Amino acid sequence: MDWTAIRLLYLSELRAAMRERAVLINGILIPLLMYPLMMWVMFSGILFVTARFESFASRVEIAGLPAEHRGLLERLEEDEGRIEITEVEAPTTRAATAYREEVENRLLAGELDAALIFETIVDPPGNAEVLLLSNGSSDPSQAARGRLERALSAERSAWLDRIAEQHGLEGAEWQVFEVRSNNLATGRQMGQFVMGMMIPLFFVIMIANGCVYPAIDSTAGERERNTWETTSTLATRRIHIVTAKYLYVATMGLVAGALNAAAMVVSFRSFLGPLLARLGGGDGSAFAFELPLTSLPVLLLTAVLLGALIAAAMMILAAFARTFKEGQSMVTPVILLVIFPVLVLNDPSMEFTPALAGIPVVNVVLLLRQAIAGNVLWLQLGITVLANGAAIAACLWLASRILRVEEIATGSFEGNLFQFLRQHWRPAGGKA
Amino acid sequence: MSTVQVEVQGLSKNFFDPSRGEVRAVQEVNFECRGSEIFGLLGANGAGKTTTLRTISTVLQPTAGTARVLGHDVVSDPVEVRRNLGFYSASTALYPRLTARETLTLFARVNKYPAERTRSRVEEMIERFGLGDYAGARIEKLSSGMKQKVSIARTVVHDPPVLIFDEPTVGLDVLNALDLQKAIQELRDDGKAILFSTHIMSEAERLCDRIAIIDKGRIRACDDLEGLRAATSQHYLEDIFVHYVTGNDTTA
């Protein structure tokens, strides 16, 4: 192998790529900034919703509130946010239907957010059938409904406590079950669980995304710019030129994946942890987004395997394209093909068996998830490396066979991989 | 007399075209080119000039026959052929995102020019082709005249003994075309063996030491201008060309 030529061509591809806006955006900026942007959007969204919620008053109307439940008004006012309560007498039986219609019209017109109608007072005193009216298509109405439900629930518990006390019962005696739940997972384990669900998915997408532009640019792009003939007159074997291009595409995929994973960990630690703590009202210790040290070599290994495999697959398909547009349409199936198993596998109960370790892409995703959880399954790891290595070797072998065909090397072949295989494939020492 | 640098014997190249079937683009072409010589391939569009030159430069593989550059066969030893060859064509573009200096360095190094002398060689080329003010600019930012100069510089930067110019003046304005012709003559004077294809008679007449007239993939005649004149009793190359291609005497 002419490693000097490969190195020179590889470095020149990388240098040119760093000057191409599309490569920088897809291969570096998106993987790096995706999570901070996502977190910022989430943060802003929550702040916006909170601020909006705090800025308006829930307009509720309560009809026929029994004297025993006057505490409900206090509970409503104690809840977060402003509230405007209109209390009305219970309508007479004859006027009840007309009153309800009138309330419904006001709700639908947005003049009222929710209404609570104590319809029938039943025995024993204090018990009632209550109608809660709201408009499910309106945010303020939904918020008002939530507040009424919370207040009713609290009022009901307090009422039951009082009744139980009157009967000489302690709270624990009539509760039957007192459930105390305890999540044994540490904050670190919870963080690893969340990252295990998210990192593999975006990792694969970002590696594929990082490979797309370079794969098309270095094949179809060269033909479109008429530089392929210039390159093919260089004093090195064509396989060395292709090797340099392949290493460049794989590097861009690897870099995109690694940057994305690093950005995810940093973003989760800096933004998501505090965000979840804020939402849960806790001290932030519920989620600790830290990758175990043992997962880092696995992360790197999976980035290399995925980058190498996706780059090889994409270059095989893009080799048939004569224009950038053709390249995009030929490479798109690879993206779908690698993302699909990740979406299907996004089930935490999926067990990483040795059999699954034999399926490229799937094995990398499961290996990565295990590694993030702090487990390294050595048998599966070995099978994963072998299976992906075999898939990469097969892709490169196919690529070398394809590029030996003059029509493809010169861009005069009109067709795609499948047409090529139909025309040139001879199992017993064929034409290609 | 200089030694033979390029030998072409019985060279044929066929293509398969889905609509036309087997196309015989080049048929049993024979010629040789020596150092300090500009050998012209003169033919109409589609005559087989570019296919012949692309085969010699190893971009295409011959269907039959042989081509050798400094004794290296284009099929069995393509890397050595390319190392000894500079290929320039109006259709071969430069890498738009590299600078002129980076392009020259890349071509010198990959084409096996000694690493320790590459820097001075690149600077020499920059000086020789007047690229000094633009050497650090990306190719995509250069004018077409400057791009053409960079193209010639990258063709010769590794100092190959054989140069191929395939219709190099296509698309150039008169002044740039004259500049290019002057550069080619200088390279011939430096001892290079130059294969030059064109369909422009005046260009071939002005530049070429010997001319092969090619038509439908076959060489119809090959001699210096005086020899061609003597053989056809025609003075102008245009008439000589028509004589061989159509068999008609335009002066009659």
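In the block above lies the structure referred to throughout.
Conventions and cut-offs
Residues numbered from 1 in each chain as written. Chains lettered and ligands numbered in written order. Predicted model: local features only at pLDDT ≥ 70, side-chain atom pairs only at ≥ 80, totals over all residues. Heavy atoms only, no water. Helix = DSSP H or I, 4+ residues; strand = E, 2+ residues; numbered from the N terminus. Rg over C-alpha atoms; globule rule 2.2 N^0.38 Å. Buried < 20%, exposed > 50% of the residue type's maximum accessible area, 1.4 Å probe, protein only. Contact = heavy atoms within 4.5 Å. Areas by Shrake-Rupley, 256 points an atom, 1.4 Å probe, with all protein chains shown as cover. Lys, Arg positive; Asp, Glu negative; His and termini not counted. Charge placed at Lys NZ, Arg CZ, Asp CG, Glu CD. Patch = residues over 30% accessible without salt bridge, like charges linked within 9 Å, V, L, I, M, F, W, Y side chains within 5 Å. Salt bridge = Lys/Arg side-chain N within 4 Å of Asp/Glu carboxyl O. Pairing = 2+ DSSP bridges. Axes fitted to C-alpha atoms, helices over the stretch in contact; angles between N-to-C directions. Phe/Tyr/Trp six-rings, centres within 6.5 Å; stacked < 30°, edge-to-face > 60°. Buried area = accessible area lost by both parts, 1.4 Å probe. Polar contact = N/O pair within 3.5 Å; in protein donor to acceptor, adjacent residues only side chain to side chain. Nonpolar A, V, L, I, M, F, W, Y, C, P; charged D, E, K, R; others polar.

Enquirer: Would you take a moment to explain the overall build of chain A for this structure?
Expert: Across its full length, chain A carries 16 helices and four strands. Relative to its length of 432 residues, chain A is extended, with a C-alpha radius of gyration of 32 Å against a globular reference of 22 Å. Each principal axis of the C-alpha atoms in chain A carries an extent, and together these give about 95 × 45 × 40 Å. Residue burial in chain A is summarised as follows: out of 432 residues, 46% are buried. Partitioning the intrachain contacts of chain A with sequence separation of at least 6 by distance along the chain shows that 74% fall at a separation of at least 24. Summed over its atoms, the accessible surface of chain A is roughly 21700 Å², and 60% of this surface lies on carbon and sulfur atoms. Between the mean site of the 34 positive side-chain charges and the mean site of the 42 negative ones, chain A shows a separation of 17 Å.

Enquirer: For this particular structure, what's the right way to read the overall build of chain B?
Expert: The number of helices and strands found in chain B is nine helices and 10 strands. Its C-alpha atoms give chain B a radius of gyration of 18 Å, near enough to 18 Å, the size a compact globule of 252 residues would have. Going through the 252 residues of chain B one by one, you find that 53% of them count as buried. Carbon and sulfur atoms form 46% of the exposed surface of chain B, whose accessible area is close to 10800 Å². Positive and negative side-chain charges in chain B, numbering 31 and 34 respectively, have mean positions lying 7 Å apart.

Enquirer: Would you take a moment to explain a nonpolar patch on the surface for this structure?
Expert: Taken together, the side chains of Ile25, Leu29, Ile30, Leu32, Leu33, Leu37, Trp40 and Val41 of chain A present a nonpolar region at the surface, about 710 Å² in accessible area. Mapped onto the elements, leucine 32 of chain A comes out in helix α2 (residues 21-55).

Enquirer: Is there a simple way to explain the pattern of salt bridges in this structure?
Expert: Once their charged atoms are close, side chains differing in charge can pair, the charge on each being opposite to the other. Within this structure, the stated rule accounts for 35 salt bridges over all chains. As a salt-bridge pair, glutamate 226 of chain B and arginine 229 of chain B come within 2.7 Å of each other at their nearest N and O atoms. Highlighted residues: glutamate 226 of chain B and arginine 229 of chain B, both in helix α8 (residues 225-232), separated by three residues, approximately one helical turn. Taking the relative accessible area as the measure of exposure, arginine 229 of chain B reaches 17% and is therefore buried. Overlapping salt bridges bring together Glu20, Asp217 and Arg225 of chain A together with Arg97 of chain B as one network.

Enquirer: Is there a simple way to think about the environment of aspartate 223 of chain B in this case?
Expert: Residues and elements named next belong to chain B. Secondary-structure assignment places aspartate 223 in strand β10 (residues 218-223). Note on aspartate 223: relative accessible area 32%, which makes it partly exposed. Through-space distance from the C-alpha of aspartate 223 to that of isoleucine 213 is 9.0 Å; in sequence the pair is 10 residues apart. Setting aside its immediate chain neighbours within four residues, aspartate 223 contacts Arg210, Ile211 and Leu228.

Enquirer: I'm lost on helix α13 (residues 362-372) of chain A in this one. Help?
Expert: Think of an α-helix as turning once every 3.6 residues; residues three or four places apart then point the same way. Residue and element names in this part refer to chain A. The buried fraction of α13 amounts to 11 of the 11 residues, a majority that puts the element mostly inside the structure. Listing the buried residues of α13 in full gives Val362, Asn363, Val364, Val365, Leu366, Leu367, Leu368, Arg369, Gln370, Ala371 and Ile372. On the buried face of α13, the contacting elements are α7 (187-217), α11 (295-318), α12 (324-344) and α14 (378-403). Glycine 374 lies just past α13 and shows a positive phi near 95 degrees.

Enquirer: Just checking my understanding: could you explain the environment of threonine 169 of chain B for this structure?
Expert: Residue and element names in this part refer to chain B. Its location among the elements puts threonine 169 in the loop between β7 (162-166) and α6 (174-189). Residue classification places threonine 169 among the buried positions, given a relative accessible area of 7%. Residues threonine 169 and glutamine 148, spaced 21 residues apart in sequence, show a C-alpha to C-alpha distance of 9.5 Å. The contact partners of threonine 169, leaving out residues within four places of it in the chain, are Ala177, Leu180, Gln181, Ile200 and Glu203.

Enquirer: Please clarify how the sheet that holds strand β2 (residues 21-34) of chain B should be interpreted in this entry.
Expert: Within a sheet, adjacent strands bond to each other through the backbone by hydrogen bonds, running parallel or antiparallel. All names here are of chain B. If you walk across this open sheet you meet the four strands as β2-β1-β4-β5, and the pairing is antiparallel. Each edge of the open sheet carries a strand with a single partner, namely β2 and β5 (72-73). Across 10 bridges, the pairing between strand β1 (residues 4-17) and β2 is antiparallel. Along β2, the bridge assignment pairs valine 8 with phenylalanine 31. In this fold helix α1 (residues 49-56) packs onto β1, β2 and β4 (64-69), with an angle of close to 115 degrees to the strand it touches most, β1.

Enquirer: Help me understand the packing of aromatic side chains in this model?
Expert: Any pair of aromatic rings gets described here by the distance separating the centres and the angle formed by the planes. Residues and elements named next belong to chain B. In this structure the tally under the stated criterion is five aromatic pairs over all chains. Their ring planes at 40 degrees and their centres at 5.5 Å tell us that tyrosine 88 and phenylalanine 165 sit as a pair that is tilted. Separated by 77 residues along the polypeptide, tyrosine 88 in strand β6 (residues 85-89) and phenylalanine 165 in strand β7 bring together distant segments of the chain. Classification of tyrosine 88 as buried rests on a relative accessible area of 4%.

Enquirer: How should I be thinking about the interface of chain B and chain A in this particular structure?
Expert: Accessible area lost when the parts come together is the quantity often used to give the size of an interface. Opposite the 30 residues of chain B that make contact, chain A presents 28 residues. For the pairing of chain B and chain A, the buried interface totals around 2700 Å² over both sides, and the portion due to carbon and sulfur atoms is 54%. Contact with chain A buries surface across chain B, with Arg82, Arg97 and Val110 of chain B losing the most and accounting together for 26% of the total. Across the contact surface, chain B and chain A share six salt bridges. Applying the counting criterion to the chain B and chain A interface returns 15 residue pairs in polar contact (both at pLDDT 80 or more). Those elements that provide at least two residues to the side of chain B that touches chain A are β1, α2 (78-83), β6 and α3 (100-110) of chain B. Here the side of chain B that touches chain A gets five residues from one element, more than from any other, and that element is α3 of chain B. Split by residue class, the side of chain B that touches chain A holds 13 nonpolar, seven polar and 10 charged.

Enquirer: Honestly, unusual backbone geometry in this entry has me stumped. Any pointers?
Expert: Where the residue is not glycine, phi is negative for most of them; where a peptide bond is considered, it is trans in most cases. Residues and elements named next belong to chain B. Non-glycine residue serine 36 carries a positive phi angle of around 55 degrees. Its place among the elements puts serine 36 in the loop between β2 and β3 (37-42). The phi dihedral of leucine 70 is positive, around 50 degrees, even though this residue is not glycine. Of note, leucine 70 is situated in the loop between β4 and β5. Leucine 70 gets classed as partly exposed once you look at its relative accessible area, which sits at 33%.

Enquirer: Before we go on, may I ask you to explain the side chain of glutamine 5 of chain B in this structure?
Expert: With respect to the helices, strands and loops of the structure, glutamine 5 of chain B is situated in strand β1. In contact with glutamine 5 of chain B, other than residues within four places in its own chain, are Cys33, Arg34, Gly35, Arg68, Val69, Leu70, Pro161, Val162 and Ala193 of chain B.

Function-wise, these values are silent; they only describe arrangement.
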